[in-house]
Amino acid sequence: MMAVTRHISNNPVCGTGLPRLFVLYVLARGAFRSMALVIGVASLYGVLNGWASTSADGGLGETEVLKQFGLMQALPAAIASVIGMSAWSPFGEVERTAGSSLPRLRLLHIGLLLVLGIGVSWALLLGWTSRLPGIDPGLVALRNLLGMTGSALLVGRYLDARVSWLLPLAMAMVAVFRSMSVAIERIWSPPAWLWNGQSPSANESWAIAMTIFVAGGALFLRVGARDASGEEE
Amino acid sequence: MTTLSPSFVADTPASRITQPSAPARVTATIRSFLMLLWLGIRRSQGYWLLPVMIGVGVYAPSIGHLPDIVLWPDMSMATLQSYVIVGPLAAALAAWLVDRDRRHRMRHLMESTPGSGFQRDLLALGTSSFWGLAGYVGVAIWFCGQAMMRATWGGPDVGLMATGAMGVVAFAVIGVLIGRLVASKFSPLLALVATFFLTIGTDLFKITADDGSILNPIQLLMPYGLSSVNYPSVFYRENHGFATEVGLWMVAFVGLLVASLAVLRIRNAGGWLALSGMLLLAGIAAAPLINPPLNWGPQAWTPIDYTPVCESRDGFEICVHPAYESELDETAQRVSSTFGPIQGLDGVASTWNQVNPIRVRDNQEPGVIDGVGQQYGLISSVAAIFPIPGDSSQHGQRPAAQVVIMEWLVQQSSLGPPSLVGSGWFGWPSEVSVSPQDYGNEMTGIGQDQTEMAAFQPRMDAAREQFAALPENEQRVWLEANWDALRAGELTLEDLP
């Protein structure tokens, strides 16, 4: 079967069908809804800019730092969860056995969503009134989105793609809860393992995030999300 | 369906075919429901969530609650606060479970069976509540274990912990509702985000009345919001019954949510009647909580009696709450080194008492320590000696000479970090003008002129270092001679030695 698959995928004539395959692939995964969700969640950066930059009484207090910090955690986690959940395959073992070009299709699908998430986030964050002195919100959002997407894909690989929100959102919840419990000047210096709460100038946090991203991404591209058979809950 | 054979019907008198009695039917229904529930609990993936619930649930509240001194009130509150993590995860699990018929493409099949849809929703609710409560109990065991081993004061606050447990169940019902209304693989995500927002939304959307009382319904009605308002203290007790009032409200809230769930499936008069009844009950239960003047503010506290433990050192008498006895020695040392140079001068107390931090914020009185065992504990004690001149208090400004002496005093205990100096803890020097500041994005305010301040700061640092370099007796002589003028704010930087 492997030989047959390789033959089909290497055959230049069959190869021309990749765009068609890609369209079928993304349609089967409800990718348009995922794209809409990614754009919707990322555009919250723009929608909530005013709310996160000023308090109700017009002041510029610690609450605004908390709000912006919270958005830098919650929105990347939500985008990563959507990407992770859209990795779920409705066909499971059948597709894995018979499908061709799956790694390429997965790359195109996840890459498209990721680029969309990064692009919209970045564009809207450029218009931000940052209340985080010395911190570039775009970099924090980028690092968190990459690392959290990696962790979502890892959960999807080992548990179930439909619960891939578990890890990114748990990380975001911890970071947000911590930021609300410590003095405002210590917000950007959590313990080293809480990489998503670090300042973007902390190189270790980038190292951890990129390791998770590469590991999750590579595993997903090679093997795909785990098949959770219909009988299981 | 099997039909009775004609011979059986013919041989059996009608009186011998009996229906089970009503109580027996109820028992059988409950028994079968519990058996199904147990099946659901065992077959669900909830156990995957347990490590996350317990791990994150213990870590998150520990950040602010595991200091050197462990108090039962803190541990009870930490347990309650873990519902911020456990509750949303239970809600996500509930949304996941309730959507299973659709996910397995069995919705139409299940709808054609005689079983009640509401019962299946209740099974999802029971299963997710079970795993949520299991996680919550795990967290509670950890925090209570810490308290049992190390606590120096108080006892477990069962009402507080039970409130958190009710919060977990309430969130599970919200999860079921979201899962029923939004039939999608994204519904767990939505449930998690929505319920997490119900916990922290409190701190992000502050709505307060003119007198400072809180009007945000999320803050007033959700356990986390209540926890940030009613923080338990070793000094004061809340007058209104936290356990009874909030407990009643949470029960009514869960009842209201379950009734809404029932109406989604059973749209008959009974369903609507149950919903309106629960709405009424929840309204009655919420009324005392959303009426701020009754419940919030200092009038709602009763002091708890205690015998302070005291230590005399260098002519000072330092007293702390017995729960903080292990910190007494360090506190006494800090008080004596900070206030030693100005001992006996006007306005400097000889007896120092630890008080409830909340009280210090309201009225600054002499001889008060608020943060025992904390780095910044003596800031407000020093500030209370130097009243801010009335005309500039609106911008927190005071003469630079005062700021310099105050910063020097705090440095005496050598426990304050170097960053303490110049960070504006004691207000800004009135020599630097305030000006309208443009923060961009059409936001303006009144603030310290940054360039002017940067130019002025070195002068203050130099004055402080110069004063610190003087011999002790010369410092004392200068302080005694200029004390009243310094406190009245009449001295400038040039008047310092």
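Anything mentioned here points back to the structure above.
What you see is a predicted model, and the numbers here were worked out from it, not measured in a lab.

1. Notes on the overall build of chain B
Piece 1. Secondary structure assignment for chain B yields 21 helices and 10 strands.
Piece 2. Across the 497 residues of chain B, 49% fall into the buried class.
Piece 3. A fraction of 70% describes how many contacts in chain B between residues 6 or more apart in sequence connect residues 24 or more apart.
Piece 4. Carbon together with sulfur atoms contributes 60% to the accessible area of chain B, which is approximately 23,600 Å² in total.

2. Structural notes on the overall build of chain A
Piece 1. Scanning chain A from terminus to terminus reveals 12 helices and zero strands.
Piece 2. Counted from the first residue to the last, chain A has its helices and strands arranged as α-α-α-α-α-α-α-α-α-α-α-α.
Piece 3. Within chain A, the fraction of its 233 residues that count as buried is 53%.
Piece 4. A separation threshold of at least 6 residues defines the contact pool for chain A, and within that pool the share at least 24 residues apart is 77%.
Piece 5. Carbon and sulfur atoms form 70% of the exposed surface of chain A, whose accessible area is close to 9,700 Å².

3. Brief notes about the interface of chain A and chain B
Piece 1. In this complex, chain A contributes 43 residues to the contact, which on the side of chain B involves 40 residues.
Piece 2. For the pair chain A and chain B, the interface holds one residue pair in polar contact (both at pLDDT 80 or more).
Piece 3. Taken together, the elements giving at least two residues each to the side of chain A that touches chain B come down to helix 4 (31–42), helix 6 (49–53), helix 7 (62–86) and helix 11 (166–181) of chain A.
Piece 4. When residues in the side of chain A that touches chain B are grouped by element, the largest group, 10 residues, is from helix 11 of chain A.

4. Looking at the side chain of glutamine 73 of chain A
Residues and elements named next belong to chain A.
Piece 1. Along the chain, glutamine 73 falls in helix 7.
Piece 2. There is a polar contact of 2.6 Å between the side chain of glutamine 73 and the backbone oxygen of asparagine 196.
Piece 3. Not counting the four nearest positions on each side in its chain, glutamine 73 is found in contact with Asn144, Met148, Ala172, Ala175, Val176, Asn196 and Gly197.

5. Focus on the sheet that holds strand 4 (residues 316–320) of chain B
Residues and elements named next belong to chain B.
Piece 1. The strand order across the open sheet built from four strands is 3-4-5-6, with neighbouring strands paired in mixed fashion. Unpaired on one side and paired on the other, strand 3 (309–313) and strand 6 (368–369) mark the two borders of the sheet.
Piece 2. Where strand 3 and strand 4 come together, five bridges link them in antiparallel fashion. Across the sheet, residue arginine 313 finds its bridge partner in strand 4, namely phenylalanine 316.
Piece 3. Lying on the sheet, helix 16 (residues 328–339) is in contact with strand 3, strand 4, strand 5 (351–354) and strand 6; it crosses strand 3 at an angle near 40°.

6. Let's talk about the packing of aromatic side chains
Piece 1. According to the stated counting rule, one finds 13 aromatic pairs over all chains in the structure shown.
Piece 2. Between phenylalanine 69 of chain A and tryptophan 188 of chain A, the aromatic rings sit 5.1 Å apart at their centres with planes inclined by 70°, giving edge-to-face as the arrangement. Of the two residues, phenylalanine 69 of chain A is situated in helix 7 and tryptophan 188 of chain A in the loop between helix 11 and helix 12 (203–223); the sequence distance between them amounts to 119 residues.
Piece 3. One aromatic cluster in this structure is built from Tyr47, Trp48, Phe130 and Trp131 of chain B.

7. A look at unusual backbone geometry
Piece 1. Although it is not a glycine, aspartate 314 of chain B adopts a positive phi angle of roughly 50°.
Piece 2. Position of aspartate 314 of chain B relative to the elements: it lies in the loop between strand 3 and strand 4.

8. Observations concerning the packing of helix 4 of chain A against helix 9 (residues 102–126) of chain A
Helix-helix packing is characterised by the crossing angle of the two axes and by the distance between the axes.
Residue and element names in this part refer to chain A.
Piece 1. Where helix 4 meets helix 9, the closest approach of the two axes is 9 Å, and the angle between their N-to-C directions is 20°. For the element pair helix 4 / helix 9, the angle class is roughly parallel. Between helix 4 and helix 9 lies a crossing whose hand is right-handed. Contact with helix 4, carried on its side by Ala31, Ser34, Met35, Val38, Ile39 and Ala42, involves His109, Leu112, Leu113, Leu116, Gly117, Val120, Ser121 and Leu124 of helix 9 and no other residues of that element.
Piece 2. Class assignment for the residues of the contact of helix 4 with helix 9 results in 10 nonpolar, four polar and no charged.

9. Here we look at the nonpolar core
Piece 1. In this structure, Met72 and Trp165 of chain A together with Leu89, Tyr136, Trp249 and Phe253 of chain B are the most contacted members of the largest nonpolar core, which totals 134 residues.
Piece 2. Each residue touching leucine 89 of chain B, except ones within four places of it in the same chain, is listed here: Trp165 and Leu166 of chain A together with Leu49, Val52, Met53 and Leu192 of chain B.
Piece 3. Counting 50 residues, the second largest nonpolar core, distinct from the first, contains Ala332, Phe339, Ile342 and Leu479 of chain B.

10. As for the state of the cysteines
Residues and elements named next belong to chain B.
Piece 1. Scanning the entire structure with this criterion turns up one disulfide over all chains.
Piece 2. Bridging cysteine 310 to cysteine 319, the disulfide has an S-S length of 2.0 Å. Between cysteine 310 and cysteine 319, the S-S torsion sits near 110°, and that sign places the bridge as right-handed.

11. Considerations on the pairing of strand 5 of chain B
Along a regular strand, successive side chains alternate from one face of the sheet to the other.
All names here are of chain B.
Piece 1. Burial of strand 5 is one-sided: the residues Trp352 and Gln354 facing one way are buried, the residues Thr351 and Asn353 facing the other way are not.
Piece 2. Across three bridges, strand 4 lies against strand 5 in parallel orientation. By the bridge assignment for strand 5, cysteine 319 is matched with asparagine 353.
Piece 3. Inspection of the sheet shows strand 5 paired to strand 6 by two bridges, in the parallel sense. Bridge pairing links glutamine 354 to isoleucine 369 in strand 6.

12. Some details on the pattern of salt bridges
Residue and element names in this part refer to chain B.
Piece 1. Following the criterion strictly, the structure yields 11 salt bridges over all chains and no others.
Piece 2. Taking the shortest distance from any N to any O, the salt bridge between aspartate 329 and arginine 313 comes out at 3.0 Å. Within this pair, whereas aspartate 329 is found in helix 16, its partner arginine 313 is found in strand 3, the two being separated by 16 residues in sequence.
Piece 3. Aspartate 461 is paired through a salt bridge with arginine 464; the nearest N and O atoms lie 3.4 Å apart. Residue aspartate 461 and its partner arginine 464 are both found in helix 20 (residues 450–469); the two are separated by three residues, about one turn of the helix.
Piece 4. Accessibility expressed as a relative area gives 7% for arginine 464, which makes it buried.
Piece 5. Residues joined in a network through salt bridges with shared partners are Asp121, Arg180 and Arg265.

Parameters at a glance
Residues numbered from 1 in each chain as written. Chains lettered and ligands numbered in written order. Predicted model: local features only at pLDDT ≥ 70, side-chain atom pairs only at ≥ 80, totals over all residues. Heavy atoms only, no water. Helix = DSSP H or I, 4+ residues; strand = E, 2+ residues; numbered from the N terminus. Buried < 20%, exposed > 50% of the residue type's maximum accessible area, 1.4 Å probe, protein only. Contact = heavy atoms within 4.5 Å. Areas by Shrake-Rupley, 256 points an atom, 1.4 Å probe, with all protein chains shown as cover. Polar contact = N/O pair within 3.5 Å; in protein donor to acceptor, adjacent residues only side chain to side chain. Pairing = 2+ DSSP bridges. Axes fitted to C-alpha atoms, helices over the stretch in contact; angles between N-to-C directions. Phe/Tyr/Trp six-rings, centres within 6.5 Å; stacked < 30°, edge-to-face > 60°. Parallel < 35°, antiparallel > 145°, perpendicular 65-115°, else oblique. Left-handed = near helix turned anticlockwise from the far one by under 90°. Nonpolar A, V, L, I, M, F, W, Y, C, P; charged D, E, K, R; others polar. Core = buried A, V, L, I, M, F, W, Y, C linked by side-chain atoms within 4.5 Å. Disulfide = S-S within 2.5 Å. Salt bridge = Lys/Arg side-chain N within 4 Å of Asp/Glu carboxyl O.

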